[in-house]
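A structural walkthrough
Chain by chain, the residues:
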Amino acid sequence: MKLLNERAQVKLAIKNWLGIYGAEYTYPEDNRGIKVGAELMALDPETATARDVADIIGESFWAHEKPCSECGTRTWNIIKFEEMEGPMDDSTIIFICRDCLVKALRLIEGDSYGETQILPSSTRDQ
Ligand SMILES: [Zn+2]
């Protein structure tokens, strides 16, 4: 499992973009003449925001709030779970938000605040 908050995604976006296109790549589509790789390398990955990355690359695809696979909420507070059984194409990836992780813990621990507890606490453990 991997935390995919804004900081982690900014670092991944810079690394992945440079890994694919390199430092000298210039966008041909809009003739901006921006050396995207060089501009990404000039960012401080410890302080840069997803907005900074999107402004340089020209799209927010590389670092953005991901939707929780359980409840659909888009958030930076999200954990990526990846099942890697068999060939890569068959891997299953899900994203779970903090709230759903808390609900899952309550389910496991039988917390009376959990939404889907089957038995009332007075009859549990009997
Ligand atoms: Zn959720």
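It should be emphasised that the depicted structure is a prediction, and the values quoted were computed from it without experimental measurement.

What follows deals with the packing of helix 1 (residues 6-21) against helix 3 (residues 50-57). At a minimum axis distance of 9 Å, the contact between helix 1 and helix 3 shows a crossing angle of 25°. Comparing the axis directions of helix 1 and helix 3 gives the class roughly parallel. Of helix 3, the residues touching helix 1 (which contributes Glu6, Gln9, Val10, Ala13, Ile14 and Trp17) are Ala50, Val53 and Ile57. Taken together, the residues that form the contact of helix 1 with helix 3 break down as 7 nonpolar, 1 polar and 1 charged.

This part covers the sheet that holds strand 4 (residues 78-83). Here 3 strands make up an open sheet; going across it, the order is 1-4-5 and the pairing antiparallel. Two strands lie at the open edges of the sheet, namely strand 1 (2-3) and strand 5 (92-97), each paired on one side alone. Where strand 4 and strand 5 come together, 6 bridges link them in antiparallel fashion. Its bridge partner being in strand 5, Glu83 is matched across the sheet by Thr92. Contacts between helix 4 (residues 98-109) and the sheet are confined to strand 4 and strand 5, with strand 5 contributing the most and set at about 90° to the helix.

Basis of the calculations
- Residues numbered from 1 in each chain as written.
- Predicted model: local features only at pLDDT ≥ 70, side-chain atom pairs only at ≥ 80, totals over all residues.
- Axes fitted to C-alpha atoms, helices over the stretch in contact; angles between N-to-C directions.
- Helix = DSSP H or I, 4+ residues; strand = E, 2+ residues; numbered from the N terminus.
- Parallel < 35°, antiparallel > 145°, perpendicular 65-115°, else oblique.
- Contact = placed C-beta atoms within 7 Å.
- Nonpolar A, V, L, I, M, F, W, Y, C, P; charged D, E, K, R; others polar.
- Pairing = 2+ DSSP bridges.

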